[in-house]
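# Secondary and tertiary structure notes
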Amino acid sequence: MRKQLRKFVWAISALVFMLFVLFATNQLLTFYANISEVNPLLAKVVTGFLTIVVLGLLLSPVVLYLKLPKALIPPQNPEEQDVYRARLRKRLRANGLLKNKNISLSTDEDLKEALKILDEKANTIINDTATSVFLTTAVSQNGKLDAFTVLVTQCKMIWSIAHLYWQRPSLKDMSHLYGNVGAAAFLASEIEDIDLSRQIEPILNAVVKSPGRSIPLVGHAAHILTDSLLEGSTNAFLTLRVGVIAKRYCGSLEVYQAKKVKKHAFMEASIMLKSLMLATSGKIIKGLVKATKDTGVNTLKSGAAKVGKVTTSMKDGIRLLTKKKKDRGTKTIESSDKTSPGPS
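Rules used in this analysis
- Residues numbered from 1 in each chain as written.
- Predicted model: local features only at pLDDT ≥ 70, side-chain atom pairs only at ≥ 80, totals over all residues.
- Heavy atoms only, no water.
- Salt bridge = Lys/Arg side-chain N within 4 Å of Asp/Glu carboxyl O.
- Helix = DSSP H or I, 4+ residues; strand = E, 2+ residues; numbered from the N terminus.
- Buried < 20%, exposed > 50% of the residue type's maximum accessible area, 1.4 Å probe, protein only.
- Core = buried A, V, L, I, M, F, W, Y, C linked by side-chain atoms within 4.5 Å.
- pLDDT = per-residue confidence, 0-100.
- Contact = heavy atoms within 4.5 Å.
- Phe/Tyr/Trp six-rings, centres within 6.5 Å; stacked < 30°, edge-to-face > 60°.

### Considering the pattern of salt bridges
Under the counting rule described, the total for this entry stands at 6 salt bridges. Across the pair arginine 85 and aspartate 108 runs a salt bridge, and its minimum N-O distance is 3.1 Å. Here arginine 85 is found in helix α3 (residues 81–93), whereas its partner aspartate 108 is found in helix α4 (residues 108–140), with 23 residues between them in sequence. A relative accessible area of 11% places arginine 85 in the buried class. As a salt-bridge pair, lysine 247 and glutamate 268 come within 2.6 Å of each other at their nearest N and O atoms. Separated by 21 residues along the polypeptide, lysine 247 in helix α8 (residues 220–250) and glutamate 268 in helix α9 (residues 258–339) bring together distant segments of the chain. The exposure classification of lysine 247 matches that of glutamate 268, with both residues buried. Linked by salt bridges that have partners in common, Arg85, Arg89, Asp108 and Glu254 make up one network.

### A few points about the nonpolar core
With 47 residues, the main nonpolar core has Leu88, Leu92, Tyr165, Trp166 and Leu177 as its most contacted residues. Sorting the residues of this core by element identifies α3, α4, α5 (143–166), α6 (171–186), α8 and α9 as the ones contributing at least two each. For this core, the leading source of residues is α8, giving 10 residues.

### Thoughts on the confidence of the model for the protein chain
Of all residues in the protein chain, 65% have pLDDT values of 70 or greater, and the mean over the chain is 74. Mean pLDDT in the protein chain bottoms out at helix α7 (residues 196–208), which sits at 56, and peaks at α4, which reaches 89. Overall, residues 210–219 carries pLDDT values under 50, and its contacts beyond four positions in sequence, including any with other chains, amount to 16 contacts. The model gives residues 294–301 a pLDDT under 50, and that stretch makes 0 contacts with residues more than four places away or in other chains.

### Overview of the packing of aromatic side chains
Within this structure, the stated rule accounts for 1 aromatic pair. Ring centres of phenylalanine 237 and phenylalanine 266 lie 5.5 Å apart, and the angle between their planes is 85 degrees; on these two criteria the pair is classed as edge-to-face. One end of the pair, phenylalanine 237, is in helix α8; the other, phenylalanine 266, is in helix α9, and 29 residues separate them in sequence. A residue is classified by how much of its surface remains accessible, and phenylalanine 237, at 1% relative accessible area, is buried.

### Considering unusual backbone geometry
Positioned with a positive phi, leucine 105 is a non-glycine residue whose angle comes to about 65 degrees. Checked against the element boundaries, leucine 105 lands in the loop between α3 and α4. Judged by relative accessible area, leucine 105 falls into the buried class, the value being 3%.

Here is the structure:
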């Protein structure tokens, strides 16, 4: 799958390059045709100069990329371990996060201790990113926007993890890192058949039924809460998994095996997800409960106001009706007095 991804990237790059060449050629020919009407010699000189500039701009990124130092790739077989560890020691000695830790990095144990310190800091980055994804997507409930947000957030997380371990990763380092993490986590054909609902459902039940977190919601509100937690926890789990894969790639000491890394990443992300949900789901629940209470109070206030208006209208109607009856009675008495005969 890594080779297929590499071929795909190269094919896209070649297509973009060809389109740019065709566009640049068309613009240069148009420019030459316009200038040649004024002066053919001037047109040749200026067009030739612009052609050299365009070729330089096209080739300079390729030359700079080829001149970059070789990427720090985890060993693919036991024979590469010694060379890889020597290069990793050199990078870690220049790591500013380890300079005050009094670690000599001369032995394999020192190397493991240094990576353990960086792993803890990486876990903080991964947990913070997953928490942000959980809260954002649980509240948003917008599929297309959530997918774009999660993708951008995960790419930024991988960038931060790379700078944590390598401090100043080269372009080759980042291209290999994104390629390997993408091949291990993003491509569906390489992900083992996982039923996320089976993985998340026990955690969701533990959160909802945990002591001190009773949810006085029924019907539609309870359904919204379940959907929100499920949406947020699914995206958080995938983010945790991507982060763990990136961490294991950057801090690898043994032979890198994609299937083994994915399996360990799945297990570690599951453990991290449970603690994350227990720590942050309360915000979602409290927010929904508060919104439900506010809606109920507003509904009661609105209903009371309407009842008050109806009561007032009924009172006014009764008063008006009583007044009309009194007026009619008075008029009847006055008319009877006028028609009655006087004394003989």
